[in-house]
Structure formats: C-alpha cells, structure tokens
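# Structural overview for review
Below, each chain spelled out in residue letters.
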Amino acid sequence: MEAVIAVFALLFVLFVALGAYATVKAVGAAKRGVDRTITQARRTVEDHTLRAKSFAQPGPAGEIAQLRLKLRTSMRATQDALHAGVAEDESLKESLGLFERLSLHGHELDDELKRLESEPDRATLAERLPQLRERTERITHSADSLRWAARDRARHLAEDDLDALSAQIDVETGALRHWTTAENAPPTAPWPQAPGDGPDSRQTWPGESPADRAAQEPEPPALTPPTARPAYPWQKRPRPESTT
C-alpha cells in the first residue's frame, strides 16, 4: 500500500513539474512575442518620425534625419534577407557573421546621429556632416552588397535547380513518348490454315441459304463411260459356261 501511495505521489509531482515547465515556456514565448511587437512598433514610429523630420527640418538637422533613415532601412533589409536565407543555405552563415560585425559600426553611427539631432550648434553640425555622410555611405554600401549577393546566390541556386528539373522532365517525357509505330514493327507470322480452309472452301454468312450456296458451288465434271479394252489375237475368247 505504501508503494502505491509513493508511486501516485511521484506521478503527481511529475505532472506538476511538467505543468510548471509548460507554463514558463508559454509565458516566455508570449513575452518574446510582445517584446517583438513593441520593438517593431517602436521602429515604425521612429521611421515615420525621421521621415517627417527629413522633410520638415531644412538644413543639417533634416540631413541628419535622412542619414539615420537611410542607415536603418539598409541595415534592417540586409538583416532580414540574411536571416531568411541562412535557413535554406548554410553557406550564408559567414555572411551573417560579417553583417553582425558591420552592425556594430552601424549602431555606433546611428547613436551618434541620434545625439547630433539635438545639437544646437548648427555650424559645428554642418562641419561634421561630410564625414558622417561618408561613414553612412560606406556602411550602407557594404550592407547592400551583402544583401544583393545573398539574393543573387539564392536566384542562382533556384535557376540551377530549375535547369536540373527541366532536364529530368525532358528525359521523362521522351521516355513516355517512346513507342514503336506500326510501320517499324516487325511483320507478324501468318497463322496456319485450319482443316478445310482453302481456295475451294466457302464460309456461310448469316442470311445466305443453302440453295444460294449450292447455286454458287462449281458443278462437278461429268463422268465418262469406261472405254473398251483392246483385244489381242493371242487372247482366248471366254467360253460360255456349260449348263450340263
């Protein structure tokens, strides 16, 4: 009895532990989903704000907003392309590692540009703009190169797979259409004639009466009487039989 109680207690503890683990996993997944949604919403708001500043604020402040928007758009597009491609092509892991190193420079530049948005000294800001513009161009050019190279590789792999598939389909369709025509087929051997089959035999078809068949049959040749055998002088005449 004590052993049964111990087994039930152990099962109860196991079920409780599994339930707690499942609850923690579900809460963690929900929290990550909420954080991801909040991050995407924050990025969307920041992008719209930068776009509005680039049009509304003339001079160096507006150009700073344009540089930030260009940098963020390029880096985000490259990140999405590499993460989506590495799931199907493991050779992109090295490219993803290079992008992560590039992202460090991108985040550093974005933070610097963000601080300069509230810079009151417009003269100093205008003086630093060429150097900031060059750094932004270098980082975005590298990110765009990685993104387009990954897309070109994916397109090239898809074209190779399509070429191989087309070749296999051509071979299969050729095999399906490979039949022997009647002209190229070897002649069949004639069947042996059945007894009674011949040029003089005739087959009675439905609707044909025996009288019609008899009328179409060729008449047999007339019988000629046997000719008398020639008599020779050395032959004796037959004697008449004696009645006595």
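Look above for the structure.
First, a word on what this report is: a plain description of the structure on this page. (Residues numbered from 1 in each chain as written. Predicted model: local features only at pLDDT ≥ 70, side-chain atom pairs only at ≥ 80, totals over all residues. Heavy atoms only, no water.)

Before going further, it helps to spend a moment on helix α3 (residues 93-116). Taking 1.5 Å as the rise per residue, α3 with 24 residues should run 34 Å; its terminal C-alpha atoms sit 35 Å apart, in good agreement. Buried within α3 we find Ser95, Leu96, Phe99, Leu102, Ser103, Gly106, Leu109, Asp110, Glu112, Leu113 and Leu116. If you follow the buried residues of α3, they end up packed against α2 (60-86) and α4 (122-176). (Helix = DSSP H or I, 4+ residues; strand = E, 2+ residues; numbered from the N terminus. Expected span 1.5 Å × (residues − 1). Buried < 20%, exposed > 50% of the residue type's maximum accessible area, 1.4 Å probe, protein only. Contact = heavy atoms within 4.5 Å.)

Here we take up the packing of α2 against α4. The interhelical angle for the contact between α2 and α4, taken along N-to-C directions, is 20°, at an axis separation of 9 Å. When the interaxial angle is binned, α2 and α4 end up roughly parallel. Once α2 is placed against α4, the crossing between them reads as left-handed. In terms of residue class, the contact of α2 with α4 is built from 17 nonpolar, four polar and eight charged. (Axes fitted to C-alpha atoms, helices over the stretch in contact; angles between N-to-C directions. Parallel < 35°, antiparallel > 145°, perpendicular 65-115°, else oblique. Left-handed = near helix turned anticlockwise from the far one by under 90°. Nonpolar A, V, L, I, M, F, W, Y, C, P; charged D, E, K, R; others polar.)

This next bit is on the packing of aromatic side chains. Scanning the entire structure with this criterion turns up zero aromatic pairs. A cation over an aromatic ring shows up here: Arg151 above the ring of Trp148, its NZ or CZ 5.0 Å from the ring centre. (Phe/Tyr/Trp six-rings, centres within 6.5 Å; stacked < 30°, edge-to-face > 60°. Lys NZ or Arg CZ within 6 Å of the ring centre and 35° of its normal.)

Now for the side chain of Thr140. Among the structural elements, Thr140 can be located in helix α4. For Thr140, a relative accessible area of 2% translates into the label buried. A polar contact of 3.1 Å, which involves the side chain of Thr140, links it to the backbone oxygen of Glu137. The residues contacting Thr140, other than those within four sequence positions of it, are Lys70, Leu71 and Ser74. (Polar contact = N/O pair within 3.5 Å; in protein donor to acceptor, adjacent residues only side chain to side chain.)

The interhelical angle for the contact between α2 and α3, taken along N-to-C directions, is 160°, at an axis separation of 10 Å. Judged by the inter-axis angle, α2 sits roughly antiparallel to α3. Here α2 and α3 pass one another in a crossing that is left-handed. Taken together, the residues of α3 that come into contact with α2 (itself represented by Ile64, Leu67, Arg68, Leu71, Arg72, Met75, Thr78, Gln79, Leu82, His83 and Val86) are Lys93, Ser95, Leu96, Phe99, Leu102, Ser103, Gly106, Leu109, Asp110, Leu113 and Lys114. Considered class by class, the residues forming the contact of α2 with α3 number eleven nonpolar, six polar and five charged.

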